[in-house]
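Descriptive analysis of the structure
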Amino acid sequence: MAKGKWTLEFTYEFGYDDDQVSFGLMAPYTYDDLTHDSHIWSNLVKKEKHYFFRKKLLCYTLMGRKVFYFEAYKADDKLKSGNIKNKRIIVLTARVHPGEACSSYVLKGFIEQLLNVEDRKS
């Protein structure tokens, strides 16, 4: 085992000779991935005067890691310094349980679509 790396091994016993069994694997969306992606999102939106994208601390995990939430919205002329009172909001959550890596990728795609990340990269 390399330093800082883990391996997973398991044994599966087939109950019947004609069983059809499938195994699936998805690469995890790591804490480092989220940190990297949120930095990119913040930098892309900083240049826009009428868009706000903020990363704010929500709480800490039992391991002491920071849990963030994000605010993203288009501001109109009446909204100064990110005041969003009386605005409709949508709350999206992902990775409610540790094994739900696919939901993190879905939320990442949603945020990037919302922020037009591909259009802004070029």
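The next point concerns the overall build of the chain. Across its full length, the chain carries 3 helices and 2 strands. Along the chain, helices (α) and strands (β) appear in the sequence α-β-β-α-α when read from the amino end. By the burial criterion, 16% of the 122 residues in the chain qualify as buried. When contacts within the chain are restricted to residue pairs at least 6 apart in sequence, long-range pairs at least 24 apart make up 39% of them.

Where strand β1 (residues 51-60) lies against strand β2 (residues 66-74), 9 bridges are found, and the strand directions are antiparallel. If you follow F53 over to β2, its bridge partner there is A72. The loop that links β1 with its antiparallel partner β2 comprises 5 residues; one of these, G64, has a positive phi angle of about 90 degrees.

The first and last C-alpha atoms of helix α1 (residues 31-46) sit 22 Å apart over 16 residues, in line with the 22 Å expected at 1.5 Å per residue. Listed as buried for α1 are D37, S38, W41, S42, L44 and V45. For α1, the buried positions fall inside an angular range of 160 degrees around the axis, keeping them on one side. The outward face of α1, more than 90 degrees from its buried face, is lined by the exposed residues D32, H39 and K46.

So, how was this worked out
- Residues numbered from 1 in each chain as written.
- Predicted model: local features only at pLDDT ≥ 70, side-chain atom pairs only at ≥ 80, totals over all residues.
- Heavy atoms only, no water.
- Helix = DSSP H or I, 4+ residues; strand = E, 2+ residues; numbered from the N terminus.
- Buried < 20%, exposed > 50% of the residue type's maximum accessible area, 1.4 Å probe, protein only.
- Contact = heavy atoms within 4.5 Å.
- Pairing = 2+ DSSP bridges.
- Expected span 1.5 Å × (residues − 1).
- Arc of directions from axis to C-beta.

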